[in-house]
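Understanding the architecture of this molecule
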Amino acid sequence: MDVSRLLDELNDKQREAVAAPLSNALVLAGAGSGKTRVLVHRIAWLMEVENITPFSILAVTFTNKAAREMRGRIESLMGRSLHNMWIGTFHGLAHRLLRAHHAEAGLPENFQILDSDDQYRLIKRILKAMNLDEKHWAPRQVQWYINGNKDEGLRPQHIETHGDHIQKKMREIYAAYQDACDRSGLVDFAELLLRAHELWAKNPDVLAHYQRRFRAVLVDEFQDTNNIQYAWLRMLCSGDTNNIMIVGDDDQSIYGWRGANVDNIQHFLKDFDNPTTVRLEQNYRSTGNILKAANTVIDNNTGRLGKELWTEDGQGELISVYAGFNELDEARFIVSKIKDWLHQGNALKDTAILYRNNAQSRVLEEALLHEGIAYRIYGGLRFFERQEIKDALGYLRMINHPHDDAAFERVVNTPSRGIGEKTLSQVRETARAHNCSMWQASQLLINEKALKGRALNAMQSFALLISELEQATTEAPLEEQADVAIRQSGLYAMYQAERGEKAQARLENLEELVTACKQFIVPEEAEEMTPLSAFLAHASLEAGEQQADKDQDAVQMMTIHTAKGLEFPLVFMAGVEEGMFPSQMTNDEPGRMEEERRLCYVGMTRAMQKLYITYAESRRLYGQDKYHTASRFIKEIPADCVEEVRLRTTISRPVHNRFSQATSHASFEDTGFQLGQRVVHRKFGEGIVLNYEGSGEHARVQVNFDEFGTKWLVLAYAKLEQA
Ligand SMILES: Nc1ncnc2c1ncn2[C@@H]1O[C@H](COP(=O)(O)OP(=O)(O)OP(=O)(O)O)[C@@H](O)[C@H]1O
Ligand SMILES: [Mg+2]
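Residues numbered from 1 in each chain as written. Chains lettered and ligands numbered in written order. Predicted model: local features only at pLDDT ≥ 70, side-chain atom pairs only at ≥ 80, totals over all residues.

**A word on the overall build of the protein**
What counts is decided by this rule: To qualify as a helix, a DSSP run of H or I must reach at least 4 residues; to qualify as a strand, a run of E must reach at least 2; elements of each kind are numbered from the N terminus. Restricting the calculation to C-alpha atoms gives the radius of gyration, and the globule rule supplies 2.2 Å times the number of residues raised to the power 0.38. Partly exposed residues are those whose C-beta has more than 12 but fewer than 20 other C-beta atoms within 10 Å; 20 or more makes a residue buried and 12 or fewer makes it exposed, with C-beta atoms placed from the backbone. Note on contacts: each residue gets a C-beta atom placed from the backbone, and two residues are in contact if those atoms are within 7 Å.
Scanning the protein from terminus to terminus reveals 27 helices and 21 strands. For a compact globule of 723 residues, the expected C-alpha radius of gyration is about 27 Å, and the protein comes in at 28 Å, within 12% of that figure. By its C-alpha atoms, the protein is 80 × 70 × 50 Å across when sized along the principal axes. Relative to its full complement of 723 residues, the protein shows a buried share of 44%. The contacts of the protein with a sequence gap of at least 6 include a subset with a gap of at least 24, amounting to 73%.

Next up, the structure:
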C-alpha cells in the first residue's frame, strides 16, 4: 500500500498527529477540525507503518453508531476487513472484557445486562422488599445515587456517610440492590465499567495480558469521559509498551450533568508519560459565517483551554434567525424551508432538526407528518410512543371506552396502587370465563366480593377513579380531560417524585400532551366522533407510523446531545429562546450556563452549509402560554453573520428584542388575517389570532378570546373583523 495515501488528504498539523512516533498524545481541537478523521488515519498508519496488527489496537468512541462508522472508514482506507480490531464504546468494550473473563470478574457465564428501565424496576422491588416508601425514597433518585457512585468507582463499603441517616439508608439500598444483582447475575450499565475496572485491579495477570496486547489505544470525544472510564484507561496504559492517543475538545464537553469530567484532559497531561499535544485549527466542515458565529458564542465561556478555528471556505450564507410567532409557526417555517431544500434537488437525510429537549419534537413531528415528509428520530422514541405518553393515553382510553383491555392493563397499577399480579390474573380469568372486558370483570369481582382486603380496596379505588374521571370530564374541553386525567390519576405526581433528568423530561412530555390536545383539530372525516375519540385515533395512527426505514431518505431529528460528532449540510436549531435554551434550570446550578453554551456550540458546529436558528415568541409550556425572548446565545452571535428571515409586526405583545423591530406581514395566504392580530367576533368579543389551518373556504383560525379562551373558527362562517 502506498503510505502517502494515508497522509494526502490531511493538512500539516493533522499529518503531524497521524505520523507521530509512538508515544502518548493529545489532539486538542475545535469542532470540525478533523479529530475523528485523524484517529481513523492514525489507526491505518499504525498498521501500515508501525506494523501494529489490528489485534493490538483498541479504539473507543462515544456511540455505537460512531464505532460502526469508524470501522467502516478504516476498512475502506485499508481495503480489507478488520474484524479482530476492537472498536466500541466504553460500555461495549467493558462488556466484551467481562464476557471473556466472567469468572475472574466474579460473574456467572450467562450474566445479563440490565438496561436503565430494568434497573429502575429492580430498584422499586428492592425498596418494596425493604419496606421503604417510594414517596421518601424516589426510585429514580436511588438509581441516580447508585450509578453516580459506580461512576466514581465506589462500592457501598467505600462510601462515607458521616453518620447521616439518609446517606446511611441510601448506602443500605445500594448494597441490597447490588446483592440482588449479584445473586441473579445482572449487570447494569455503570456496573459494566466498574467491574471491568475491578477485573484488572484484582487480576494483575489479566491486566498484563491486555497491556501486552493493546499496544495502541485511541479515544475519540475524550472530553466526555467520566472518572471510572479515565481510571480504566489509565490502568490499561500504565504498561511499558502502551501508547494512547486521545482527541477531544473542551468546548464540547456536554455531559457534565452525567458525571463526565472535562478536567480529565488536564489530568491526562499530568498522569501519562511524556504526552505531546497537537492542536488543529483549520475547520473543514462549516462556512466562515457559521464558524465565526460559533467561535464568538463560545468565547463567552471562561476557563477554556483556548483555540480558534478558521476555514479556507468562503463566508457562505448568513445564519438565518427566525422568530416564530409561536411554536406552531416555528415548526411550519422549518418545514417550509425543508420543502424548499427538497425542491432544489437536495436530500432529506442531509437535513437535521436539533432541539434542546425531547418534548420539543412533538410539534415538529406533527408539522412534518402534515406535509408527508419522512423523518427519523435518533436516540429516542417518537412522541406518541414514549412511556409516559402511553400511560396518559391509557387513562384517556379508559375514559373513552373502559372496555379497552390493553388500556386497562397499562394503567390499572400505574402508578402503583397495590394491585398485584395475582389480582390481575383473577381479573383476566373472570373476563375469559364471562367473555367480558377486564373492566367488567373487575366490577364483577368487586360486586361479588370475590376480591378481599387490600386487593378489593385497591380495585375499588381504581374503578372509582375511572368513573370519576369520566364524570368530571365528559363535558370538558379535550385539553382539560387530558390535564385532569394526568393529574388525578397520580401519573404526574409519580413522575414528579422520581426527580432527575429523565423524570423531568417525562413531565415535560406530559405537559406537551395537554398542549397537543389543545392544538388538536378534529379532522373532517372524524366529525361524528367525540373530540376525545378523534384524538385517540390520531395518536394511535401517529404511533403506528413506523420510523422512516433505515434506507429511506428522511429528515434527521435529535437532541443536540445526540448530534455530537455528526455533521449535516442543512441544520435547524429550534427553540433557541431564553427559558428553553439555556434551559430554565440552568440558573440554579453553577457551571450549568457554560455547559449550555457548549451545547449551543456543539449544535451550531454541526452545520456545514446553512444554519437556521429559530425560536418562538410564545410557546405553550407546562400548560401555560409563556412569552420568551430570543436566547442570549442568539444575541451573542455577531450581527454581521446573521440575517432575520422574516420581519413581522408583533401586535400587542410585550416582546422586545433586536429581531422584532421592523414590520411586514405574515398573512395566511388569502385570508387577510395574520398571526398575532387582534380581532373581534360577534359573540366572543375580542381576541388574538394564534394559529391557522387550511386556506380558502376551509381556512380555520385559532383565536384566544379575552373572555372565552381559545377557539377554532371556520373563517367563512365566523365573520371575524379586525379589532
Ligand atoms: N484535511 C482535510 N481535508 C478535507 N476534509 C477534511 C480534512 N480534515 C477533515 N475533513 C472533513 O471535515 C469534516 C469534519 O471532520 P471530523 O468529523 O473528523 O471533525 P471533528 O474534529 O471530529 O469534529 P467534532 O468535534 O464535531 O467531532 C469531515 O467531513 C471531514 O471529512
Ligand atoms: Mg469527531
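**Observations regarding the UniProt feature "binding site: ATP" (unreviewed entry) in the protein**
Which entries qualify depends on this criterion: UniProt positions are given in the numbering used here, feature names are shortened, and annotations may be inferred rather than shown by experiment.
In the numbering used here, UniProt assigns the "binding site: ATP" (unreviewed entry) feature to A29, G30, A31, G32, S33, G34, K35 and T36. Looking at where A31 falls in the secondary structure, it is placed in the loop between strand 1 (25-29) and helix 3 (35-48). Note on A31: 24 C-beta atoms within 10 Å, which makes it buried. If sequence neighbours within four positions are ignored, A31 has contacts with D249, Q252, V602 and T605. Examined against the element boundaries, T36 turns out to sit in helix 3.

**Some thoughts on the site of ligand 1**
The line we're drawing: By definition, a residue lies near a molecule or strand when the C-beta atom built from its backbone is within 6 Å of it. Note on residue classes: Ala, Val, Leu, Ile, Met, Phe, Trp, Tyr, Cys and Pro are nonpolar, Asp, Glu, Lys and Arg are charged, and everything else, Gly too, is polar. Domain extents, as shown, originate in an automatic or database domain assignment.
Taken together, the neighbourhood of ligand 1 is formed by 19 residues, with G34, K35, T36, R37 and Y284 sitting nearest. Its residues assigned to classes, the shell around ligand 1 shows 4 nonpolar, 9 polar and 6 charged. Residue assignment places the shell around ligand 1 across two domains, with domain 1 (4-99 + 194-281) and domain 3 (319-382 + 545-644) each supplying three or more.

**Remarks on the sheet that holds strand 21 (residues 721-722)**
Counted only if it meets this: Two strands pair under a simple rule: DSSP has to find at least two bridges between them.
The antiparallel open sheet is built from 5 strands, whose spatial order is 20-19-18-17-21. Of all the strands in the sheet, just strand 20 (709-714) and strand 21 have a single pairing partner and so form its edges. The pairing of strand 17 (residues 678-681) with strand 18 (residues 685-693) spans 4 bridges and is classified as antiparallel. When the bridges of strand 18 are listed, R678 appears paired with I688.

**Digging into the nonpolar core**
The following threshold applies: We define a nonpolar core as a collection of buried residues of the types Ala, Val, Leu, Ile, Met, Phe, Trp, Tyr and Cys that are connected via C-beta atoms lying within 7 Å of each other.
With 145 residues, the main nonpolar core has V27, I43, V217, I353, L354 and M604 as its most contacted residues. Among the elements that line this core, the one with the most residues is helix 3, at 8 residues. Sequence-distant contacts of V27, that is, excluding residues within four places in its chain, are made with A17, K35, V38, M245, V247, V278 and L280.

**Some words on the sheet that holds strand 2 (residues 57-61)**
Heads up, the condition is: Angles shown run from 0 to 180 degrees and are taken between the N-to-C directions of axes, each axis being a line fitted to C-alpha atoms and, for helices, limited to the stretch in contact.
Reading across from one edge, 3-2-6-7-1-8 is the order of the 6 strands in this open sheet, with parallel pairing throughout. Edge positions in the open sheet fall to strand 3 (86-89) and strand 8 (276-280), since each of these has one partner strand only. Pairs of neighbouring strands in the sheet enclose a mean axial angle of 15 degrees, with direction left out of account. Of the pairings in the sheet, the one linking strand 1 to strand 8 comprises 5 bridges and is parallel in character. Note on strand 8: the bridge partner recorded for L28 is R279.

**A short note on the confidence of the model for the protein**
Going by this rule: Each residue gets a pLDDT score, which is the predictor's confidence in that residue and runs from 0 to 100.
Confidence along the protein averages 87 in pLDDT terms, with 93% of residues attaining 70 or more. In the model, residues 647-667 has pLDDT below 50 throughout and makes 37 contacts with residues more than four positions away in sequence or in other chains. Across the whole predicted complex the pTM is 0.78, and at the interface the ipTM reaches 0.99.

**Details of the domain arrangement of the protein**
What the domain assignment lists for the protein is domain 1 (4-99 + 194-281), domain 2 (112-184), domain 3 (319-382 + 545-644), domain 4 (385-533) and domain 5 (678-722). On a C-alpha basis, the centres of domain 1 and domain 3 stand 31 Å from each other. Facing 11 residues of domain 1, the contacting portion of domain 3 comprises 11 residues.

**What to know about the packing of helix 7 (residues 139-151) against helix 23 (residues 500-519)**
Where helix 7 meets helix 23, the closest approach of the two axes is 8 Å, and the angle between their N-to-C directions is 145 degrees. For the pair formed by helix 7 and helix 23, the contact residues are R140, Q141 and W144 on the first element and G500, K502 and A503 on the second. Of the residues assigned to the contact of helix 7 with helix 23, the class counts are 2 nonpolar, 2 polar and 2 charged.

**Side note on helix 18 (residues 421-434)**
Our working rule: Any helix carries an expected span of 1.5 Å times its number of residues minus one. Comment: arc refers to directions from the helix axis out to C-beta atoms.
Helix length check: helix 18 (14 residues) gives 20 Å between terminal C-alpha atoms against 20 Å at 1.5 Å per residue, within 8%. Here helix 18 has its buried residues at T423, V427 and A431. For helix 18, the angular spread of the buried residues around the axis is 80 degrees, confining them to a single face. Exposed side of helix 18, more than 90 degrees from the buried face: E421, K422, S425, E429, R432 and A433 are the residues found there. The inward-facing, buried residues of helix 18 contact helix 19 (438-447) and helix 20 (453-473). Among the residues trailing helix 18, N435 stands out with phi positive, at a value near 50 degrees.

**Here we look at unusual backbone geometry**
The bulk of non-glycine residues show a negative phi, and the bulk of peptide bonds are trans. Look at the link from T414 to P415: it is a cis peptide, with omega at -5 degrees. Tracing the backbone through its elements, the reader meets P415 in the loop between helix 17 (405-411) and helix 18. Here the residue pair F581 and P582 is connected by a cis peptide bond, since its omega of 5 degrees sits within 30 degrees of zero. Here P582 lies in the loop between strand 13 (568-573) and helix 25 (592-604). Non-glycine residue E221 carries a positive phi angle of around 50 degrees. For E221, the location among the structural elements is in the loop between strand 6 (216-219) and helix 11 (227-236). Judged by local crowding, E221 falls into the buried class, with 24 C-beta atoms found within 10 Å. In this model, N274 sits at a positive phi of 35 degrees, which is unusual for a non-glycine residue. With respect to the secondary-structure elements, N274 resides in the loop between helix 12 (264-271) and strand 8.

**Considering the packing of helix 3 against helix 4 (residues 64-78)**
For the record, the criterion: Here the angle decides the label: under 35 degrees means roughly parallel, over 145 means roughly antiparallel, 65 to 115 means roughly perpendicular, and every other value means oblique. Crossing handedness follows the turn of the near helix against the far one: under a right angle anticlockwise gives a left-handed crossing, and clockwise gives a right-handed one.
Here helix 3 crosses helix 4 at 45 degrees, and the two axes come no closer than 9 Å. Classed by the angle they form, the pair helix 3 and helix 4 counts as oblique. Read as a crossing pair, helix 3 and helix 4 show a hand that is right-handed. Across from V40, I43, A44 and M47 in helix 3, the residues of helix 4 making contact are M70, R73, I74, L77 and M78. Residues belonging to the contact of helix 3 with helix 4 are distributed by class as follows: 8 nonpolar, no polar and 1 charged.

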